[in-house]
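Analysis of the macromolecular model
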Amino acid sequence: MTDQFEYDVVVIGAGPPGENVAGRVVDGGLTAAIVEAELVGGECSYWACMPSKALLRGTEALVDAKAVSGAAAAVTGSQDVAATLARRDSFASGWKDDGQVQWLDGAGIALHRGRGRLSGPRQVTVEGPDGAGTTLTARQAVVVATGSVAAIPPIDGLKDVDPWTSRNATSAQQPPASLAIIGGGVVACEMATAWNALGTKVIMLVRGDRLLDRLEPFAGEQVAATLRESGVEVRTGVSVDAARREGAEVHLSVGGETVTAEQVLVAAGRNPATADLGLDTVGLEPGRFLDVDDTCRATGVEDGWLYAVGDANGRNLLTHMGKYQARMCGTAILQRAAGTEVDDQAWGTAVATADHDATPSVIFTVPQVGAVGRTEEQAKAAGLRVRAVTYEIGNVAGASLFADGYQGTAKLVVDEDRRTVVGATFVGPGIAELTHAATVAIAGEVTLDRLWHAVPSYPTISEIWLRLLETYGL
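Along each chain, the written sequence defines residue order, and numbers are assigned to residues from 1. Two thresholds apply to this predicted model, a pLDDT of at least 70 for residue-level local features and 80 or more for giving and counting side-chain atom pairs, whereas whole-chain, interface and lining totals are computed over all residues. Water and hydrogen atoms were dropped before computing side-chain values, which therefore reflect all heavy atoms in the structure.

Some remarks on the overall build of the protein chain
Keep this limit in mind: Starting at the N terminus, helices and strands are each numbered in turn, a helix being any DSSP run of H or I of at least four residues and a strand any DSSP run of E of at least two. To get the radius of gyration, use the C-alpha atoms; to get the globule rule, take the number of residues to the power 0.38 and multiply by 2.2 Å. Partly exposed residues are those whose accessible area sits between 20% and 50% of the maximum for their type, while under 20% is buried and over 50% is exposed, using a 1.4 Å probe and protein chains only. We call two residues in contact whenever any of their non-hydrogen atoms come within 4.5 Å of each other. Working definition of accessibility: Shrake-Rupley area with a 1.4 Å probe, residue cover restricted to the visible protein chains. In this tally, Asp and Glu contribute negative charge and Lys and Arg positive charge; neither His nor the terminal groups of the chain are included. The location of each charge is read from NZ of Lys, CZ of Arg, CG of Asp or CD of Glu.
In terms of regular secondary structure, the protein chain is built from 15 helices and 21 strands. Computed over its C-alpha atoms, the radius of gyration of the protein chain comes to 24 Å, within 12% of the 23 Å expected for a compact globule of 474 residues. Based on the C-alpha atoms only, the size of the protein chain along its principal axes is roughly 70 × 65 × 40 Å. Here the protein chain holds 474 residues, and the buried ones make up 49% of them. A separation threshold of at least 6 residues defines the contact pool for the protein chain, and within that pool the share at least 24 residues apart is 63%. Carbon and sulfur atoms form 48% of the exposed surface of the protein chain, whose accessible area is close to 20800 Å². For the protein chain, the centre of its 38 positive side-chain charges and the centre of its 58 negative side-chain charges are spaced 2 Å apart.

Topic: the packing of helix α1 (residues 16-27) against helix α9 (residues 319-338)
Heads up, the condition is: To obtain an axis, a line is fitted to C-alpha atoms, over the contacting stretch when the element is a helix, and the angle between two such axes runs from 0 to 180 degrees between their N-to-C directions. Each angle receives one of four descriptions, namely roughly parallel if under 35 degrees, roughly antiparallel if over 145, roughly perpendicular if within 65 to 115, and oblique otherwise. Handedness of each helix crossing follows the sense of rotation of the near helix against the far helix: counterclockwise by less than a right angle gives left-handed, clockwise gives right-handed. When residues are sorted by character, Ala, Val, Leu, Ile, Met, Phe, Trp, Tyr, Cys and Pro go into the nonpolar class, Asp, Glu, Lys and Arg into the charged class, and all the rest, Gly among them, into the polar class.
As a packed pair, α1 and α9 sit with axes 8 Å apart at the nearest point and diverge in direction by 25°. When the axes of α1 and α9 are compared, the pair comes out roughly parallel. In this structure, α1 meets α9 at a crossing whose hand is right-handed. Each of P16, P17, N20, V21, R24 and V25 in α1 lies in contact with α9, whose residues at this interface are T319, G322, K323, A326, R327, C329, G330, T331, I333 and L334. When grouped by side-chain class, the residues that make up the contact of α1 with α9 number 8 nonpolar, 5 polar and 3 charged.

Focus: the sheet that holds strand β8 (residues 178-182)
The test is simple: Pairing between two strands is assigned when DSSP locates at least 2 bridges connecting them.
Reading across the sheet, the 4 strands line up as β10-β9-β8-β14 and stay open at both edges, with parallel pairing between neighbours. In the strand order of this sheet, the two ends are held by β10 (233-236) and β14 (263-266), each with one partner. Averaged over all adjacent pairs, the angle separating strand axes in this sheet is 15°, with direction ignored. The pairing of β8 with strand β9 (residues 201-206) spans 5 bridges and is classified as parallel. The partner of A180 across the bridge, within β9, is I203. Those strands touched by helix α7 (residues 186-197) are β8, β9 and β14, and its axis lies near 165° from that of β9.

What about helix α3 (residues 49-66)?
As a reminder of what qualifies: Helices are assigned an expected span. That span is 1.5 Å times one less than the residue count. The quantity called bend is, for any residue, the angle between two axes fitted respectively to the seven residues ending at it and the seven beginning at it.
Its 18 residues place the ends of α3 26 Å apart at the C-alpha level, agreeing with the 26 Å of an ideal helix rising 1.5 Å per residue. The largest bend along α3 measures about 30° and falls at L56. By the burial criterion, the buried members of α3 are P51, S52, A54, L55, L56, T59 and E60. Elements in contact with the buried residues of α3: α2 (42-47), α4 (81-91), α6 (166-171), α7 and β18 (368-373).

Quick look at the nonpolar core
How we decide: Nine residue types can take part in a nonpolar core, namely buried Ala, Val, Leu, Ile, Met, Phe, Trp, Tyr and Cys, and a core is a set of them joined through side-chain atoms within 4.5 Å.
If you look at the biggest cluster of nonpolar residues, it comprises 34 residues, and the most contacted ones within it are I181, W195, M204 and L211. Among the elements of the structure, α3, β8, α7, β9, α8 (217-229) and β18 are those that each provide at least two residues to this core. Broken down by element, this core gets its largest block of residues, 6 residues, from α7. Ranked by size, the runner-up nonpolar core spans 32 residues in total, among them M321, V396, L434 and I464.

Thoughts on unusual backbone geometry
The step from V366 to P367 runs through a cis peptide bond, and the omega angle for that step is 5°. Its place among the elements puts P367 in the loop between β17 (360-363) and β18. A cis geometry characterises the amide bond from Y458 onward to P459, with omega recorded as -5°. Positioned with a positive phi, C296 is a non-glycine residue whose angle comes to about 70°. Examined against the element boundaries, C296 turns out to sit in the loop between β15 (270-272) and β16 (306-308). A relative accessible area of 0% places C296 in the buried class. The residue W347 is not glycine, and still its phi comes out positive at about 65°. Mapped onto the elements, W347 comes out in the loop between α9 and α10 (354-357). For W347, a relative accessible area of 35% corresponds to the partly exposed category.

Re the packing of α3 against α7
A pair of packed helices is characterised by two quantities: the angle between their axes and the separation of those axes. At their nearest, the axes of α3 and α7 sit 9 Å apart, and the two run at 55° to each other. In this view, α3 runs oblique relative to α7, as classed from their interaxial angle. Both α3 and α7 take part in a crossing whose hand is left-handed. The residues of α7 that touch α3, namely those facing S52, K53, L55, L56 and T59, are E190, M191, T193, A194, W195 and A197. In terms of residue class, the contact of α3 with α7 is made up of 6 nonpolar, 3 polar and 2 charged.

Some thoughts on the sheet that holds strand β21 (residues 420-428)
The strand order across the open sheet built from 5 strands is β17-β18-β21-β20-β19, with neighbouring strands paired in antiparallel fashion. The open sheet has two edge strands, β17 and β19 (386-392), and neither has a second partner. Each adjacent strand pair in this sheet contributes to an overall mean axis angle of 10°, direction not counted. The sheet contact formed by β19 and strand β20 (residues 409-415) spans 7 bridges and is antiparallel. Directly across from Y391, in β20, lies its bridge partner A410.

Side note on helix α13 (residues 435-443)
To keep it simple, the criterion reads: For this quantity, the arc is that covered by the directions from the helix axis to the C-beta atoms.
Of the residues making up α13, those classed as buried are T435, A438, T439, A441 and I442. Each buried residue of α13 lies within a common arc of 165° when the element is viewed along its axis, so the set occupies one face. Looking at the buried residues of α13, the elements they touch are α10, β17, β18, β21, α14 (448-451) and α15 (464-472).

Digging into the side chain of S166
Stated formally: Each polar contact in these results corresponds to two N or O atoms within 3.5 Å; when the atoms are within protein, one needs to be able to donate a hydrogen and the other to accept it, and residues that are neighboring in sequence are counted only if both atoms are side-chain atoms.
Along the polypeptide, S166 turns up in helix α6. Within the structure, S166 has its side chain in polar contact with the side chain of R270 (distance 3.2 Å). Discounting chain neighbours no more than four positions away, the residues touching S166 are W47, V187, L265 and R270.

Structure, rendered in structure tokens:
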């Protein structure tokens with residue numbers, strides 16, 4: 001006999017977006033359950049954001065110390081690989097989810113372990129670890145928060161060599177002697193930085209003509225330059241045609257030559273984890289990102305009971321944006337459940353407007369890269385009349401204090417008609433914490449005339465804002 005439970009909201013997937021939408025609706029007075037087949041906390045907690053940044057932090061700290069005369073003399077040894085990996089393990093909680101489960105219990109959110117699939121309108125069937133079945137019915141909404149999985153390109157033999165994905169790269173228990181990375185995006189650049197610093201010989205095989213090709217060109221150029229200086233071989237404009245494993249080595253055919261490495265990391269994008277979700281039972285196509293409106297409600301589903309947040313909807317494959325969508329989605333569910341008018345105008349309490357106009361990201365390479373909003377090219381493609389200004393961050397007093405010979409670049413993209421910032425990019429040491437100031441400026445649609453009165457403290461790297469505005473002509 002199948003167990004049956006009823007809740008106001010059922011969430012499939014217990015990563016950060018799923019946790020946040022469940023927490024939001026419970027705080028608003030509804031009941032909620034989460035279904036999870038793996039670890040509560042999801043990709044970010046165990047195989048992405050947290051372990052990857054823990055791997056990178058020691059390298060960044062050493063680079064920063066070596067860039068300050070006097071402090072550099074204290075750096076006389078190399079990074080302790082075992083200690084770095086142990087610290088990484090601690091941030092992944094040893095790949096145990098006890099703490100996250102405790103949070104769910106404290107929040108009053110029910111947890112159902114197992115594989116959740118849609119089995120009809122407002123209905124989710126859970127196949128438990130022991131094969132037992134449970135049926136969950138949602139009075140108000142079902143939310144898909146199943147995330148994404150690494151894409152494996154159709155390269156001859158690649159699947160057969162047991163390649164690393166981002167999961168392996170962030171959880172490996174020892175550095176490989178050599179690592180070939182297929183891809184030039186965020187995962188590729190961060191993992192090249194991390195493993196190279198821990199003693200691995202790294203080669204990057206990039207199909208495009210530059211790294212980080214969705215950002216301003218100078219971002220990828222400066223990251224590539226530093227990677228090369230640190231010993232990483234970066235090849236752009238190349239394609240991997242085939243792969244085979246011979247003993248302990250992988251051989252990749254690349255444009256008529258062979259690249260050999262102990263391991264290969266595939267960092268060539270993500271696919272939605274929706275193939276085995278029962279989408280066909282509600283008239284949707286399995287294996288696709290779910291199309292949603294700005295309240296994250298799925299389109300094309302009768303009665304509007306299905307929602308999708310995070311990577312599953314394909315809008316922004318970033319943990320913080322998935323959590324943001326979850327807050328908006330949760331609010332929309334609460335407003336609809338209460339029968340009140342949904343605040344779904346741009347920048348309203350129930351719409352994920354920032355997905356379009358003010359998405360921030362930080363890449364923890366050396367140097368760091370922070371970006372918000374649109375690039376100059378993207379803004380022009382959107383039909384905006386823009387003007388861009390750049391400034392070398394190293395010319396700011398705070399930057400010269402931060403590191404001897406500081407090198408970095410900042411760029412603002414300005415909407416000339418509204419006189420507001422629509423895009424910002426910072427590349428350089430220690431710029432991660434600059435990014436939120438740009439996010440506030442863009443989300444708040446703060447005019448340049450008002451930004452002129454936002455006085456940066458001296459001497460900090462934030463003085464770059466003043467220099468950019470002066471360069472613009474204020």
